[in-house]
Amino acid sequence: MTGKKAHKIAAELEKLFPVAKTELNFQNIFQLLVAVVLSAQSTDRQVNKVTEKLFLFVKEPRDLLDMGEEELSRQIRSLGLYRNKARNLIKIAEILDREYHGQVPDSFAELLKLPGVGPKTAEVIVGVGFNKPSFPVDTHVFRVARRLGLSKARTPEGVSFDLKKIFPPNSWIDLHHRLIFFGRRICKAQKPSCNICPFPEFCQKEESDV
DNA sequence: CTCCCGATAT
DNA sequence: ATATCAGGAG
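Residues numbered from 1 in each chain as written. Chains lettered and ligands numbered in written order. Predicted model: local features only at pLDDT ≥ 70, side-chain atom pairs only at ≥ 80, totals over all residues. Heavy atoms only, no water.

For the rest of this paragraph, the subject is the side chain of His177. Within the element layout of this structure, His177 appears in helix H11 (residues 172-185). Exposure remark for His177: the relative accessible area of 7% places this residue in the buried category. When sequence neighbours within four positions are dropped, the list of residues in contact with His177 reads Ala20, Lys21, Thr22 and Val128. (Helix = DSSP H or I, 4+ residues; strand = E, 2+ residues; numbered from the N terminus. Buried < 20%, exposed > 50% of the residue type's maximum accessible area, 1.4 Å probe, protein only. Contact = heavy atoms within 4.5 Å.)

So, about the packing of helix H2 (residues 29-38) against helix H8 (residues 119-129). At a minimum axis separation of 10 Å, H2 and H8 run at an interaxial angle of 150°. Between H2 and H8, the interaxial angle falls into the category roughly antiparallel. Considering only the axes of H2 and H8, their crossing is right-handed. Each of Ile29, Leu32, Leu33, Val36 and Val37 in H2 lies in contact with H8, whose residues at this interface are Lys120, Thr121, Val124, Ile125, Val128 and Gly129. Here the residues of the contact of H2 with H8 sort into eight nonpolar, two polar and one charged. (Axes fitted to C-alpha atoms, helices over the stretch in contact; angles between N-to-C directions. Parallel < 35°, antiparallel > 145°, perpendicular 65-115°, else oblique. Left-handed = near helix turned anticlockwise from the far one by under 90°. Nonpolar A, V, L, I, M, F, W, Y, C, P; charged D, E, K, R; others polar.)

All right, on to the protein's contact with DNA strand B then. Taken together, Gln41, Gln46, Lys49, Arg77, Ser78, Gly80, Leu81, Tyr82, Arg83, Asn84 and Lys191 are the residues near DNA strand B. Sugar plus phosphate, as a fraction of atoms of DNA strand B within 4 Å of the protein: 61%. A distance of 2.5 Å is found between a phosphate oxygen of DNA strand B and a backbone nitrogen or oxygen belonging to Arg83. Asn84 is positioned such that a nitrogen or oxygen atom in its backbone is 3.3 Å from a phosphate oxygen of DNA strand B. Those elements giving two or more residues to the surface near DNA strand B turn out to be helix H3 (44-57) and helix H6 (82-99). If one sorts the elements of the surface near DNA strand B by residue count, H6 sits on top with three residues. Grouping the amino acids of the surface near DNA strand B by side-chain chemistry returns two nonpolar, five polar and four charged. (Near = heavy atom within 4 Å. Polar contact = N/O pair within 3.5 Å; in protein donor to acceptor, adjacent residues only side chain to side chain.)

Taken together, the neighbourhood of DNA strand C is formed by 28 residues, with Thr22, Asp44, Thr121, His140 and His176 sitting nearest. Restricting the count to atoms of DNA strand C within 4 Å of the protein gives a sugar and phosphate share of 63%. Between a base nitrogen of DNA strand C and a side-chain N or O atom of Thr22, the distance comes to 2.5 Å. In this structure, His140 approaches DNA strand C through a side-chain N or O atom, which is 2.4 Å from a phosphate oxygen. Contributions of two or more residues to the surface near DNA strand C are made by H8, helix H9 (139-147) and H11. Of the residues that constitute the surface near DNA strand C, the class distribution is ten nonpolar, 13 polar and five charged.

With that out of the way, let us pick up the pattern of salt bridges. Scanning the model with the defined rule gives 14 salt bridges in all. Residue Lys15 is joined to Glu12 by a salt bridge in which the shortest nitrogen-to-oxygen separation is 3.5 Å. Taken together, the residues span about one helical turn, with Lys15 and Glu12 both in helix H1 (residues 4-16) at a distance of three residues. Residue Glu12 is classed as partly exposed on the basis of its relative accessible area of 22%. A salt bridge links Arg74 to Glu71, with the shortest nitrogen-to-oxygen separation between them at 3.1 Å. Placement of the pair is Arg74 and Glu71 together in helix H5 (residues 69-75), with a separation of three residues, close to one helical turn. The partly exposed category is assigned to Arg74, whose relative accessible area is 44%. (Salt bridge = Lys/Arg side-chain N within 4 Å of Asp/Glu carboxyl O.)

Owing to its 3.6 residues per turn, the α-helix brings residues three or four apart onto one side. Taking 1.5 Å of rise per residue, 13 residues should cover 18 Å, and H1 covers 18 Å from first to last C-alpha, within 8% of that figure. Summarising the contacts, the buried residues of H1 are in contact with helix H10 (156-166) and H11. (Expected span 1.5 Å × (residues − 1).)

Here's what the structure looks like:
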């Protein structure tokens, strides 16, 4: 029961971005969790630059505890918000080590309890890490979904709810990645490339960018 | 709502 | 100089 508009958006995005996967580098789900926490208000490229070195030593929660908050804080300083991120990641490592046998939980509710893990990060772990239906809404998805008139919700959670109603669950995570690519390369926050946009007829930019 | 915060683009 | 970047907590 996918609508005509939704179908066109999904089809065009698939043509534009055939490969729908995260650009964050990681070797296991714990590293994915670390990378996503680090990615707040930073770019994937900056995060990968940091984790290239960090993940040589950090493969599981214990490794982060061995490293300590101060050294972690130094290694991630270039990302910004580094004090909060370091403190939260150490707490996460303690909780996972003590209460989850060092494993990352696969449920949205359990993930949400972790410090520094909100709705967007929890959805990414569930969807990308555990391959379960989820529709994370970050700054790009939020902006693009509203500009395309797919949602008028005022919060990322509201936009996620609307997108889940519009698209079938088996398409959510790929669409999530493609909407991010579309937001980064074409429907940018500043100076969007409207000349190459496949969806001019759907654009709600003036109405949505309040 | 403000704060956290460095790197990059405009 | 200002806006933005795979947000979340108080």
